[in-house]
Amino acid sequence: MPDAISARPAWQRWLWLLLAYLSIGMAMLGVLLPGLPTTEFVLLAAWAASRSSPRLSAWLENHRLFGPLLRDWRNGGVISRRSKLLASLSMLIALSILLLTVNHLPSVGFAAAGMACGALWIWSRPERPQSPS
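The text that follows walks through the structure, step by step, so that each part is easy to find. What you see is a predicted model, and the numbers here were worked out from it, not measured in a lab. (Residues numbered from 1 in each chain as written. Predicted model: local features only at pLDDT ≥ 70, side-chain atom pairs only at ≥ 80, totals over all residues. Heavy atoms only, no water.)

1. Overview of the overall build of the chain
Line of reasoning, step 1. Of regular secondary structure, the chain possesses seven helices and zero strands.
Line of reasoning, step 2. In the chain, the order of α-helices and β-strands from amino to carboxyl end is α-α-α-α-α-α-α.
Line of reasoning, step 3. Along the longest, intermediate and shortest principal axes, the C-alpha atoms of the chain span 50 × 45 × 25 Å.
Line of reasoning, step 4. Evaluated residue by residue, the chain yields a buried proportion of 31% over its 133 residues.
Line of reasoning, step 5. For the chain, the share of sequence-separated contacts (at least 6 apart) that also reach a separation of at least 24 residues comes to 63%.
Line of reasoning, step 6. Working note: accessible area of the chain is about 8800 Å², and carbon and sulfur atoms make up 67% of it.
Line of reasoning, step 7. Here the chain carries 12 positive and 5 negative side-chain charges, and the mean point of each set is 2 Å from the other. (Helix = DSSP H or I, 4+ residues; strand = E, 2+ residues; numbered from the N terminus. Buried < 20%, exposed > 50% of the residue type's maximum accessible area, 1.4 Å probe, protein only. Contact = heavy atoms within 4.5 Å. Areas by Shrake-Rupley, 256 points an atom, 1.4 Å probe, with all protein chains shown as cover. Lys, Arg positive; Asp, Glu negative; His and termini not counted. Charge placed at Lys NZ, Arg CZ, Asp CG, Glu CD.)

Below is the structure:
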């Protein structure tokens, strides 16, 4: 175990590990459910795993689905165009479901505003690594 991780008290490592596994679970649900983000949970899982479990961290880095997201993010905060489109489409589907099922317009408005902020942030990220100057 790397020194930075082994220097933490066991209870802290367990909390980070719990957060990592919960985030992985949420990311996997996000692959299936519109409106639930995947990328953010993968990033949170990788961050928590790096503080608790080198083995879990390595598994995430080499995962066929999550690994490319992590490598792109580490390579300059890159989010691929495909990921941006999927995120935007899932937010649009979720908002459509809200519009059809929720009668409280202020709630739908707050959800729409939150999704709009998320979409703006996602689309502000680069799609390719920056070339060295």
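From this point, the discussion proceeds with the structure in view.
2. Describing the nonpolar core
Line of reasoning, step 1. Grouped together as the largest cluster of nonpolar side chains are 16 residues, with contacts concentrated most on Val42, Leu56 and Leu60.
Line of reasoning, step 2. Elements that contribute at least two residues to this core include exactly helix 2 (10-32), helix 3 (39-50), helix 4 (54-62) and helix 5 (66-74).
Line of reasoning, step 3. The biggest single contributor to this core is helix 3, with six residues.
Line of reasoning, step 4. When neighbours within four sequence positions are excluded, Leu60 is seen to be in contact with Ile24, Ala45, Ala46, Ala49, Phe66, Gly67 and Leu70.
Line of reasoning, step 5. Of all hydrophobic cores here, the second largest spans nine residues; its members include Ala87, Leu95, Ala119 and Ile122. (Core = buried A, V, L, I, M, F, W, Y, C linked by side-chain atoms within 4.5 Å.)

3. Notes on the packing of helix 6 (residues 81-101) against helix 7 (residues 105-124)
Line of reasoning, step 1. Contact geometry for helix 6 and helix 7: axes closest at 10 Å, N-to-C directions at 175°. By the angle between their axes, helix 6 is roughly antiparallel relative to helix 7. Residues Arg81, Lys84, Leu85, Ala87, Ser88, Met91, Ala94, Leu95, Leu98 and Leu99 of helix 6 lie in contact with helix 7, whose contacting residues are Val108, Ala111, Ala112, Met115, Gly118, Ala119, Ile122 and Trp123. (Axes fitted to C-alpha atoms, helices over the stretch in contact; angles between N-to-C directions. Parallel < 35°, antiparallel > 145°, perpendicular 65-115°, else oblique.)

4. Concerning the side chain of Ser23
Line of reasoning, step 1. If you trace the backbone, Ser23 turns up in helix 2.
Line of reasoning, step 2. For Ser23, the contacting residues outside a window of four places in its chain are Phe41, Leu44 and Ala45.

5. Concerning the packing of helix 2 against helix 4
Line of reasoning, step 1. Relative to each other, helix 2 and helix 4 sit at 20°, their axes nearing to 11 Å. Of the possible angle classes, the one that applies to helix 2 and helix 4 is roughly parallel. Relative to helix 4, the crossing made by helix 2 is left-handed. On helix 4, the residues touching Leu17, Ala20, Tyr21, Ile24 and Met28 of helix 2 are Leu56, Trp59 and Leu60.
Line of reasoning, step 2. A breakdown of the residues in the contact of helix 2 with helix 4 according to their chemical character gives eight nonpolar, no polar and no charged. (Left-handed = near helix turned anticlockwise from the far one by under 90°. Nonpolar A, V, L, I, M, F, W, Y, C, P; charged D, E, K, R; others polar.)

6. Side note on the packing of aromatic side chains
Line of reasoning, step 1. Here the structure, examined in full by the defined rule, presents two aromatic pairs.
Line of reasoning, step 2. On the basis of an interplanar angle of 40° and a centroid distance of 5.8 Å, the ring pair of Trp73 and Trp121 is categorised as tilted. Pair noted here: Trp73 is in helix 5 and Trp121 is in helix 7, with a separation of 48 residues, a long-range link.
Line of reasoning, step 3. The class of Trp73 is partly exposed, set by a relative accessible area of 28%. (Phe/Tyr/Trp six-rings, centres within 6.5 Å; stacked < 30°, edge-to-face > 60°.)

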